[in-house]
Each structure stands twice: as structure tokens, then as C-alpha cells.
Amino acid sequence: MNILYFSWIREKVGVPHQDVTLPDGVRTVGQLMTWLMENDDHCAAALAEQKAVRVAVNQEHVGFDHVLNDSDEVAFFPPVTGG
Amino acid sequence: MNILYFSWIREKVGVPHQDVTLPDGVRTVGQLMTWLMENDDHCAAALAEQKAVRVAVNQEHVGFDHVLNDSDEVAFFPPVTGG
Amino acid sequence: MIRVQKEDFDISSEIDALVGEDRGIGGICSFMGTVRDMADGASIDSMTLEHYTGMTEKALSGIEEEANNRWNLSATLIIHRYGELYPGDRIVLVVTASPHREEAFMACQFLMDWLKTKAPFWKREEGEAGSKWVDARAADDLATDRWRQ
Amino acid sequence: MIRVQKEDFDISSEIDALVGEDRGIGGICSFMGTVRDMADGASIDSMTLEHYTGMTEKALSGIEEEANNRWNLSATLIIHRYGELYPGDRIVLVVTASPHREEAFMACQFLMDWLKTKAPFWKREEGEAGSKWVDARAADDLATDRWRQ
């Protein structure tokens with residue numbers, strides 16, 4: 001599964017993307033976030049403030065309860081500020 | 001007093017402007033309209049449909065009860081359609 | 001700034017001139033009205049815009065001042081053409097520049113709504129249905145009414 | 001039509017290309033966002049726009065389609081720039097063309113509001129206050145909310 005990070009979340013994680021294999025028991029976006037934070041201090045710092053984290057799966061905005069597939073492209077980023 | 005006409009009101013009156021001397025007893029825009037209609041068949045045709053007539057005095061929109069001065073510039077026209 | 005003219009205009013040049021060196025501007029809203037080739041199902045060949053010289057300038061300056069009183073605007077522009085125009089031709093341009101987009105949008109709509117019901121212009125269309133003066137739209141009066149306080 | 005690009009754009013050429021030979025258009029509304037030289041009282045030297053390639057195009061096409069479903073539009077255009085920009089530079093252009101002005105205005109505002117809260121762009125400012133990511137504005141969320149049915 002390809003995970004992308006943007007803006008200050010990317011800076012805190014330290015890399016723009018990671019390739020991970022979805023472990024057993026991780027089915028939703030929320031569970032993926034918890035797993036990433038448990039396994040990586042940088043991710044823990046980047047995703048700690050949950051209400052500042054937005055998620056897209058396959059380039060569509062989704063909620064934390066969205067169910068994942070192994071082939072999904074998942075992106076974490078703060079609220080957008082374009083326009 | 002200089003009276004101007006625009007759009008189809010101008011066409012019905014037949015001239016774009018007229019110079020008139022305000023007769024005694026004519027104090028308001030409404031009274032001027034009545035007087036013009038009594039004295040000129042073209043004006044009568046042009047101003048007959050009162051709710052389609054708009055008035056400006058000295059280039060400001062006014063109502064039929066507006067009080068006139070001899071030196072005023074008065075204009076009669078239909079609702080505007082610019083923009 | 002207001003201008004009443006026979007000549008066409010270019011929106012890029014107008015916006016560039018209006019904005020100038022003002023780096024406090026964050027949003028520029030514009031509206032441009034153009035001549036359509038149909039009216040009430042009949043084709044239009046040309047349109048003539050009559051106006052009341054003197055009062056037009058006064059009315060446009062008045063509504064521009066009102067917009068600047070209501071919103072925080074960095075710059076405003078109204079250009080209105082008169083004379084003979086053809087389908088596709090530009091008729092009117094309103095530009096509002098502001099630090100924030102909401103105010104630019106509001107002011108631009110306000111100016112267009114007021115202009116439609118207060119500026120002394122009259123359109124006459126020539127086409128399939130003959131030569132006729134355009135009727136005022138009730139919808140335009142309603143659009144203006146919503147700005148009354 | 002949507003475009004995500006590093007390059008600047010010219011509003012006249014964009015509008016001309018968008019309108020083409022469509023003589024049914026009566027009103028063209030546009031909004032252009034520009035880089036300001038101040039943010040929260042501190043001067044800005046430059047701004048960098050990061051975006052999510054692929055999702056940006058998808059998001060912009062999605063909101064463009066939504067606007068066309070809601071209103072009778074003859075043509076729409078969204079251009080958004082990315083990369084390094086300076087005060088006074090153009091960031092975004094939205095153009096909506098319609099037979100009637102009300103729909104052009106509504107759609108243009110809708111597109112800007114949705115773009116502000118849905119298109120994956122992030123601004124980073126460099127200036128007096130150092131280098132910082134711009135915070136999302138609560139007002140932008142409210143502006144988007146008013147379009148929910």
C-alpha cells in the first residue's frame with residue numbers, strides 16, 4: 001500500500017511517501033493511523049493531532065472509518081489552503 | 001424648464017427634448033405630466049401608461065410627488081434596461 | 001472608476017491598470033455582459049444602447065460609492081458601452097478588488113444588480129422580431145431589492 | 001475545463017478561448033486570486049504552493065461537474081497554479097459563462113468556495129514571520145457549508 005504525506009504532515013514524517021504492507025487487524029483508515037503512530041515516532045508526531053488530519057483514499061476525501069484495500073493509495077494531509 | 005425624453009417615450013413624443021415654461025398651478029412632477037398630456041397628443045400617448053414612466057429631476061431618480069423648480073432638468077423614460 | 005464609452009475594452013489591461021502596485025489585494029471579481037444572438041426565441045442581428053449623458057455618469061458614480069461604503073474594497077471599475085453592438089460584443093464590465101474574496105463577490109453582484117435597475121440605459125434590439133425596445137425584467141427589480149437594508 | 005500549472009495565465013485570452021463562438025452567452029463571471037504582501041500583520045516575501053498531483057485534477061474536475069449539474073452554464077474554467085509565487089502574482093482563475101448573470105455569479109462563488117476546502121493545495125509563506133504553512137480558515141468551511149443541500 002502506497003502512503004503519501006503532504007504539507008507539514010510530510011515534513012514531520014520526514015518522507016513524502018512510504019510503501020507498507022497492511023498488517024492483519026488493520027482494516028480502516030483510523031486503524032492504519034494508530035498502527036503507523038505505534039510503529040514510527042515521526043508518524044506519531046505527524047498524526048497526533050487527529051482533528052488536523054485529513055485523509056484521501058485513491059484520491060477521494062474519506063473519513064477515518066473508511067475500509068481499506070491492500071492496493072489503495074492513501075494520503076494524509078492537513079486541511080487544504082489553496083485558492 | 002428643459003424636458004428630456006428617452007427610449008420609446010422619446011419616439012412617441014417625437015422629439016428628444018422640449019423647452020417649457022412651468023405654468024401657474026403646476027408644482028409637482030405628476031402635475032407636469034398631466035399638463036403635458038392635456039396640451040400635446042404625442043405626450044398624451046407617451047405618458048399615458050403611468051406605471052411604465054420613470055422620472056429624473058436634475059439627473060436623480062424621483063417620484064411623481066417631487067416638487068419642481070423652474071430651472072430643473074426633467075427627464076421621462078421607461079424602466080432602464082442596461083447592463 | 002467609471003467609464004461610459006462607445007469603444008470596446010480589454011479585461012486584462014483594465015484589471016492590470018486597476019490593481020496597479022496594490023499588493024494588499026487578494027481577490028479580483030469581475031463580471032462582463034455580452035450581447036446574445038437570441039431573445040425570447042427570436043434571433044438578434046444587432047442592439048443599440050441609448051443612454052442619458054450626464055445622468056449615466058452620475059448614477060454609476062453613485063452606485064460605485066455605495067459599494068465602497070458597504071464593503072472593504074481596494075479598487076472598483078465600471079465600464080458601460082453605448083451605441084450599436086452585435087452578438088458576442090462586450091456591453092459592460094464590472095471589476096471589484098478586495099483583500100478578501102467574499103467582499104469582492106458581494107460588491108460585484110451588488111454593482112451589477114444596481115446598474116441593471118438604476119443606470120439610465122435602454123436597449124433596442126433589431127432582429128427576426130423586427131425592431132423593439134427591450135422590456136425591463138421583474139427579476140432585475142427583485143435582485144436589486146435584496147440589497148435594501 | 002481545468003488546468004493545474006506552474007505558468008502564469010492571461011484572463012483575456014482565457015475568456016476568449018472559453019467563450020469561442022458561443023453567442024448564447026450573456027454573462028461571464030470571473031474570480032482571480034492573487035498573492036498578498038501581508039499575512040496576519042507580517043510581510044510576505046514569497047509563497048510556495050504544494051499540491052497532490054492526480055488528486056488535484058480529480059477534485060477540480062469533480063467540483064466543475066457539480067457546478068454544471070447545479071446551474072445552466074455555457075462554459076466553465078478553473079486554472080490553479082503551483083510552485084513558488086510572489087506578492088501580486090496570480091494564483092487561481094475561475095470563469096463561468098452563462099446565458100444569465102445570476103447563474104454565472106452563483107457558480108463562480110460555488111467553485112471558489114469548494115476549491116478552497118476540497119482541492120488539495122497547501123500554501124507555505126516565507127516572510128517576516130519566518131517560513132510557515134498557512135492555516136485553513138474557519139470562514140472557508142462556513143462558505144462551503146452554505147452550498148450543501
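Just above sits the structure.
Anyway, here's the lowdown on the structure attached to this text. These numbers were taken from a predicted model, which means no experiment stands behind them.

## Observations concerning the side chain of Glu-14 of chain D
Residues and elements named next belong to chain D.
Thought 1: Within the element layout of this structure, Glu-14 appears in helix α1 (residues 11-19).
Thought 2: You can call Glu-14 buried: its relative accessible area is 12%.
Thought 3: For Glu-14, the contacting residues outside a window of four places in its chain are Arg-3, Phe-9, Leu-77, Ile-79 and Leu-93.

## Some words on unusual backbone geometry
Thought 1: Phi is positive for Ser-7 of chain B, which is not a glycine, with a value near 60°.
Thought 2: Along the chain, the position of Ser-7 of chain B falls in helix α1 (residues 7-13).

## As for the pairing of strand β2 (residues 27-34) of chain C
Thought 1: Most of β2 of chain C is tucked away: eight of the eight residues are buried.
Thought 2: Residue alternation in β2 of chain C divides its side chains into two sets, Gly-27, Cys-29, Phe-31 and Gly-33 of chain C and Ile-28, Ser-30, Met-32 and Thr-34 of chain C, and both sets are buried.
Thought 3: Where β2 of chain C and strand β2 (residues 27-34) of chain D come together, seven bridges link them in antiparallel fashion. Counted as the bridge partner of Phe-31 of chain C is Cys-29 of chain D from β2 of chain D.
Thought 4: Alignment of β2 of chain C against strand β7 (residues 90-98) of chain C, held across eight bridges, turns out to be antiparallel. Within β7 of chain C, the position partnered with Thr-34 of chain C by the bridge is Arg-90 of chain C.

## Details of the pattern of salt bridges
Thought 1: By the definition in use, this model includes 34 salt bridges over all chains.
Thought 2: With a shortest N-O distance of 3.0 Å, Asp-145 of chain C and Arg-148 of chain C are connected by a salt bridge.
Thought 3: On the basis of relative accessible area, Arg-148 of chain C is assigned to the partly exposed category, the value being 48%.
Thought 4: When the shortest N-O distance is used, the salt bridge between Arg-146 of chain D and Asp-113 of chain D registers 2.6 Å. Of the two residues, Arg-146 of chain D is situated in the segment after α4 (138-145) and Asp-113 of chain D in helix α3 (residues 101-118); the sequence distance between them amounts to 33 residues.
Thought 5: The class for Arg-146 of chain D is partly exposed, based on a relative accessible area of 49%.

## What about the interface of chain D and chain C?
Thought 1: Opposite the 37 residues of chain D that make contact, chain C presents 37 residues.
Thought 2: Approximately 3000 Å² of surface area, both sides summed, lies buried where chain D meets chain C, with 51% of it carried by carbon and sulfur atoms.
Thought 3: When residues of chain D are sorted by the area they lose upon contact with chain C, Arg-23, Arg-101 and Phe-105 of chain D head the list and together hold 24% of the total.
Thought 4: For the pair chain D and chain C, the number of links is eight salt bridges.
Thought 5: Two residues, Arg-101 of chain C and Asp-140 of chain D, come together in a salt bridge whose shortest N-O distance is 2.9 Å.
Thought 6: Looking at the side of chain D that touches chain C, the elements that each hand over two or more residues are α1, β2, α3 and α4 of chain D.
Thought 7: It is α3 of chain D that contributes the most residues to the side of chain D that touches chain C, nine residues altogether.
Thought 8: A breakdown of the residues in the side of chain D that touches chain C according to their chemical character gives 15 nonpolar, ten polar and twelve charged.

## Structural notes on the nonpolar core
Thought 1: Ranked by internal contacts, the top residues of the largest apolar core, which has 58 residues, are Leu-115 of chain C together with Leu-115 of chain D.
Thought 2: Beyond its immediate sequence surroundings of up to four residues, Leu-115 of chain C is in contact with Gly-82 and Gly-83 of chain B together with Leu-60, Ile-63, Ile-78, His-80, Val-92 and Val-94 of chain C.
Thought 3: Counting residues in hydrophobic clusters, the runner-up holds 28 residues, among them Phe-9 and Leu-77 of chain C together with Ile-15 and Ala-97 of chain D.

## Focus on the side chain of Glu-50 of chain D
Thought 1: With respect to the helices and strands, Glu-50 of chain D occurs in strand β4 (residues 42-51).
Thought 2: Separated by 3.1 Å, the side chain of Glu-50 of chain D and the backbone nitrogen of Ser-7 of chain A make a polar contact.
Thought 3: In this structure the side chain of Glu-50 of chain D is engaged in a polar contact, spanning 2.6 Å, whose partner is the side chain of Arg-10 of chain A.
Thought 4: Leaving out residues up to four positions away in the same chain, Glu-50 of chain D has contacts with Tyr-5, Phe-6, Ser-7 and Arg-10 of chain A together with Pro-120, Phe-121, Trp-122 and Trp-133 of chain D.

## Side note on the packing of helix α2 (residues 55-70) of chain C against helix α3 (residues 101-118) of chain C
Residues and elements named next belong to chain C.
Thought 1: The geometry of α2 relative to α3 is characterised by a closest axis approach of 10 Å and an angle of 150° between their N-to-C directions. It follows from the interaxial angle that α2 and α3 lie roughly antiparallel. In this structure, α2 meets α3 at a crossing whose hand is right-handed. Touching Ala-59, Leu-60, Ile-63, Glu-64, Glu-66, Ala-67 and Arg-70 of α2 are Phe-110, Leu-111, Trp-114, Leu-115 and Lys-118, all from α3.
Thought 2: Partitioned by chemical class, the residues of the contact of α2 with α3 number eight nonpolar, no polar and four charged.

Definitions and limits used
Residues numbered from 1 in each chain as written. Chains lettered and ligands numbered in written order. Predicted model: local features only at pLDDT ≥ 70, side-chain atom pairs only at ≥ 80, totals over all residues. Heavy atoms only, no water. Helix = DSSP H or I, 4+ residues; strand = E, 2+ residues; numbered from the N terminus. Buried < 20%, exposed > 50% of the residue type's maximum accessible area, 1.4 Å probe, protein only. Contact = heavy atoms within 4.5 Å. Pairing = 2+ DSSP bridges. Salt bridge = Lys/Arg side-chain N within 4 Å of Asp/Glu carboxyl O. Buried area = accessible area lost by both parts, 1.4 Å probe. Nonpolar A, V, L, I, M, F, W, Y, C, P; charged D, E, K, R; others polar. Core = buried A, V, L, I, M, F, W, Y, C linked by side-chain atoms within 4.5 Å. Polar contact = N/O pair within 3.5 Å; in protein donor to acceptor, adjacent residues only side chain to side chain. Axes fitted to C-alpha atoms, helices over the stretch in contact; angles between N-to-C directions. Parallel < 35°, antiparallel > 145°, perpendicular 65-115°, else oblique. Left-handed = near helix turned anticlockwise from the far one by under 90°.

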